[in-house]
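Residues per chain are reported as follows:
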Amino acid sequence: MAKNIIRMEQIAKTYRIGKIQVKALRGVDMNISEGEFVSIMGPSGSGKSTLMNLIGCLDAPTSGRYYLEDIDVSQLNDNQLAAIRNSKVGFVFQTFNLLPRLSTFQNVELPTIYFLDKIKNKSKKIYEYIENVGLKGKEKNKPNELSGGERQRVAIARALINDPTIILADEPTGNLDSRTGEEIMAIFQQLNKEGKTIILVTHELDIAHHTERIIYLRDGLIIKEEKIDKPVNARETLAKMPKIEDRINSEA
Amino acid sequence: MGSFSENIKIAFQSLFLNKLRSVLTMLGIIIGVGAVVAVMSIGSGAQDSVIASIQGIGSNLIIVIPGSSQEDMGALNQFSTANKESLKLEDVEAIKKYSRHVNGVIPVILSAAPVTYLDKGINASVYASSEDAEKVYNFEIERGKFFSKSDVANSANVACIGPTVADKLFSDEDPLGKTMKVMGRNFKIIGTIKSKGTNMFGQDQDNAIAVPITTAMNKLYGQKYLSMIIADTETEKDIDIATEEMTRIIRKQHALKSGDKNDFSIQSQTEILDALSTVTNIFTITIGSIAAISLLVGGIGIMNIMLVSVTERTREIGIRKAIGAKNRDILIQFLTESVVLSLSGGIMGIIFAGIIALVLNKYSPITATISPFSILLAVSFSTFVGLFFGIYPAMRAARLNPIEALRFE
Ligand SMILES: Nc1ncnc2c1ncn2[C@@H]1O[C@H](COP(=O)(O)OP(=O)(O)O)[C@@H](O)[C@H]1O
Ligand SMILES: [Mg+2]
């Protein structure tokens, strides 16, 4: 059996806003093994983003234990967490979160400037990763010169550039039309096939059906898990979908 | 951690993104640094030229002027009301005779008079003195010779002329041997004096002639008293004892009793230089404080704009942290930005001061020199202002919680 890459024991997270306490997570147990493609589903406010932030070491849990590759993350300080985010985690956000003033190349380069080790042939690697997400020729474009789908591809290339252990995608298709969303899912499936561990948050069931396992979250607790025996193949779905030109024609 | 050049690049990018805002922010620094550097250039320029003009006279000098000294201003206070006629040629003779530590001593009468040759004329400074002035006063003869002991003894109508006089009256002609008129009297030109340049008041020191003291007293002005007596010593060590000696001799010459105040004042060159540098230092300190205040205001402006910048870029900070920037990386990024802002202001200030100095040098008698020291001072000051006023905003940026920052709209 594959190695356990993420192990969470009774993880709880309480936000405090003045006197009000919001219990975003209330005791989550979760295991994810290397090479898995998992989705986390749940209604808005159920704690999905909070869970992602904890997995990605952006935040520390209020209580509970979290092991990432057998490192007890709950014991680490700010700098150590930053180093883990930089080298072991790749984030993809719903709103892309690119730096608007930087070009595609510079955005993808960004994680490498905080990387502890020297990357050999850095710019060659950056060009390669940009090409892999299908953006060859758009290296110099600023985010506002790219479509939503293209921006998300930049974000994916940025998430991959330091060769992280896990990819965390929080509603990566939420701001995209269904065809573009399907294209993004195709990229994730390809990455997973190449061995990347991917955790994806969504509230759309058909997106979740592209993954191997669905974890259902509600009010800060895992209420159900579901194995998907035959995940939807995004590439095949795309082939059946009308092309952009067809859509424009049919709308006319 | 992010590389240094990367931070510099980011800093310049954000400065260029808000050009107008950046320049307005830098204004305080530009004015502050500009004022400091400009004042220092004028201060040291003026000081340099005063020192040069005083040192140009000679070295190890002791200067005696008529009138009792008032407080410490002594030699500077040329308008003292007391007896202006107390110094006589006999005082010089007595010093020559009795002093053992004085090397050379000369009588001086300084005035201005019209000098003409044929149809050309000029108003020149007239230095009347003895043959020893060549050494003591540092007159360097370019061609011909200085007047001699016998010229002085005979009240000879001879003169040496400065380059400006030579130029104005004779242009291409050779002035040597020519006869010119000083206050309507004929003087034969026996030598030309090397250029001494301009002094701090913008006076052309080359627009001058030198004549024997006796000739001036007997034939030009009909006066029996001197403007000053200048003496020099062999070495600097002798100055104090020679000053005492001269005081004693002159007092005896003037028949002053033990309780009487000196009817002259005596000061060494170094004392005069000290007094002058005190004046210029006060000037420098005053303007320096004004400049310090504008640097303070400029620094607060930088702090303000950096706080705005941190708020505006909260999301950027969140993104950077999410992809692995450490608190220190963010701190250095914003600190670099404030230093770049302030340093750019400083450099513009230096350029601004440079322009002021150029204008002053060209259109006013003041000489301004921008020293490497003042540039170094300006650069380190503006770096310091950037660091000092940038640290708080940068710390705020560094301490932002990445999640909160990412949620920021
Ligand atoms: N930084 C925060 N401060 C305060 N409350 C928060 C914060 N982040 C999330 N919450 C609250 O925690 C709960 C879970 O939020 P979240 O994890 O964003 O849910 P989801 O992503 O599933 O919509 C919500 O009630 C939300 O309002
Ligand atoms: Mg969410």
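Structural data are supplied above this passage.
So, here is what we can say about the structure in this document. What you are looking at is a predicted structure, and each value in this text was computed from that prediction instead of being measured. (Residues numbered from 1 in each chain as written. Chains lettered and ligands numbered in written order. Predicted model: local features only at pLDDT ≥ 70, side-chain atom pairs only at ≥ 80, totals over all residues. Heavy atoms only, no water.)

1. Some details on the interface of chain A and chain B
What counts, and what does not: In what follows, residue pairs with any heavy atoms lying within 4.5 Å of each other are defined as contacts. What counts as buried area is the accessible surface, traced by a 1.4 Å probe, that two parts surrender upon association, with contributions from both included. Between Lys or Arg on one side and Asp or Glu on the other, a salt bridge is scored when a side-chain nitrogen of the former is within 4 Å of a carboxyl oxygen of the latter.
Contact residues are listed per partner, giving 25 residues for chain A and 25 residues for chain B. Buried surface at the junction of chain A and chain B, summed over both partners, amounts to about 2,200 Å²; 56% is from carbon and sulfur atoms. Along the contact surface separating chain A from chain B lie one salt bridge. Ionic pairing is found between Glu316(B) and Arg101(A), a salt bridge with its closest N-O pair at 2.9 Å.

2. Focus: the environment of Lys136(A)
Residue and element names in this part refer to chain A. This is how the line gets drawn: Helix numbers and strand numbers start at the N terminus; a helix is a DSSP run of H or I with at least 4 residues, a strand a run of E with at least 2. Type-normalised accessible area, obtained with a 1.4 Å probe on protein chains alone, sets the label of each residue: buried when under 20%, exposed when over 50%, and partly exposed for intermediate values.
Residue placement: lysine 136 occurs in the loop between helix 4 (122-132) and helix 5 (148-160). Since its relative accessible area comes to 61%, lysine 136 is described here as exposed. In sequence terms lysine 136 and glutamine 106 are 30 residues apart; their C-alpha atoms lie 14 Å from each other. Setting aside residues up to four positions removed in sequence, lysine 136 forms contacts with Ile130 and Glu131.

3. Considerations on the packing of aromatic side chains
Defined as follows: By convention, a stacked pair of Phe, Tyr or Trp rings (six-membered ring in the case of Trp) has centres within 6.5 Å and planes under 30 degrees apart, an edge-to-face pair has planes over 60 apart, and any other such pair is tilted. Lysine NZ or arginine CZ positioned within 6 Å of the ring centre and within 35 degrees of the ring normal marks a charge as sitting over the ring.
Following the criterion strictly, the structure yields eight aromatic pairs over all chains and no others. Considering the side-chain rings of Tyr127(B) and Phe139(B), the 5.7 Å spacing of their centres and the 80 degrees angle between planes classify their relative orientation as edge-to-face. Of this pair, Tyr127(B) sits in strand 3 (residues 120-129) while Phe139(B) sits in the loop between helix 4 (133-136) and strand 4 (141-144), placing them 12 residues apart in sequence. Each member of the pair, Tyr127(B) as well as Phe139(B), is classed as buried. Each member of the aromatic cluster is reached from another via a ring pair, and the members are Tyr127(B), Phe139(B), Phe146(B) and Phe147(B). For the cation-ring pair, Arg7(A) lies above Tyr67(A), with the distance from its terminal atom to the ring centre recorded as 4.4 Å. Its guanidinium or amino end placed over the ring of Tyr216(A), Lys224(A) lies 4.5 Å from that ring's centre, counting from NZ or CZ.

4. Looking at the nonpolar core
To be explicit about the condition: The set of buried Ala, Val, Leu, Ile, Met, Phe, Trp, Tyr and Cys residues whose side-chain atoms join them within 4.5 Å is what this entry labels a nonpolar core.
Core analysis: the biggest nonpolar cluster contains 69 residues, and Ile6(A), Met8(A), Met30(A), Leu51(A), Ile55(A) and Tyr66(A) have the highest contact counts within it. By residue number, the principal contributor to this core is helix 11 (residues 327-363) of chain B, which donates eight residues. Dropping the residues within four chain positions of it, Ile55(A) is found in contact with Ile6(A), Met8(A), Met30(A), Tyr66(A), Ile166(A), Leu168(A) and Ile199(A). By size, the runner-up hydrophobic cluster in this structure holds 68 residues, among which are Leu169(B), Val182(B), Ile249(B) and Ile266(B).

5. Side note on the sheet that holds strand 1 (residues 4-17) of chain A
All names here are of chain A. What counts, and what does not: We call two strands paired when DSSP finds no fewer than two bridges between them. Lines fitted to the C-alpha atoms define the axes, with helices restricted to the stretch that makes contact. Angles between their N-to-C directions range from 0 to 180 degrees.
Strand order in the open sheet made by the four strands is 2-1-4-5, with antiparallel pairing throughout. Bordering the open sheet on either side are strand 2 (20-33) and strand 5 (71-72), each of which pairs with just one other strand. Relative to strand 4 (residues 63-68), strand 1 is paired through five bridges, and the arrangement is antiparallel. The partner of alanine 12 across the bridge, within strand 4, is serine 63. Where helix 1 (residues 48-55) meets the sheet, it contacts strand 1, strand 2 and strand 4, and its direction lies at approximately 120 degrees from that of strand 1.

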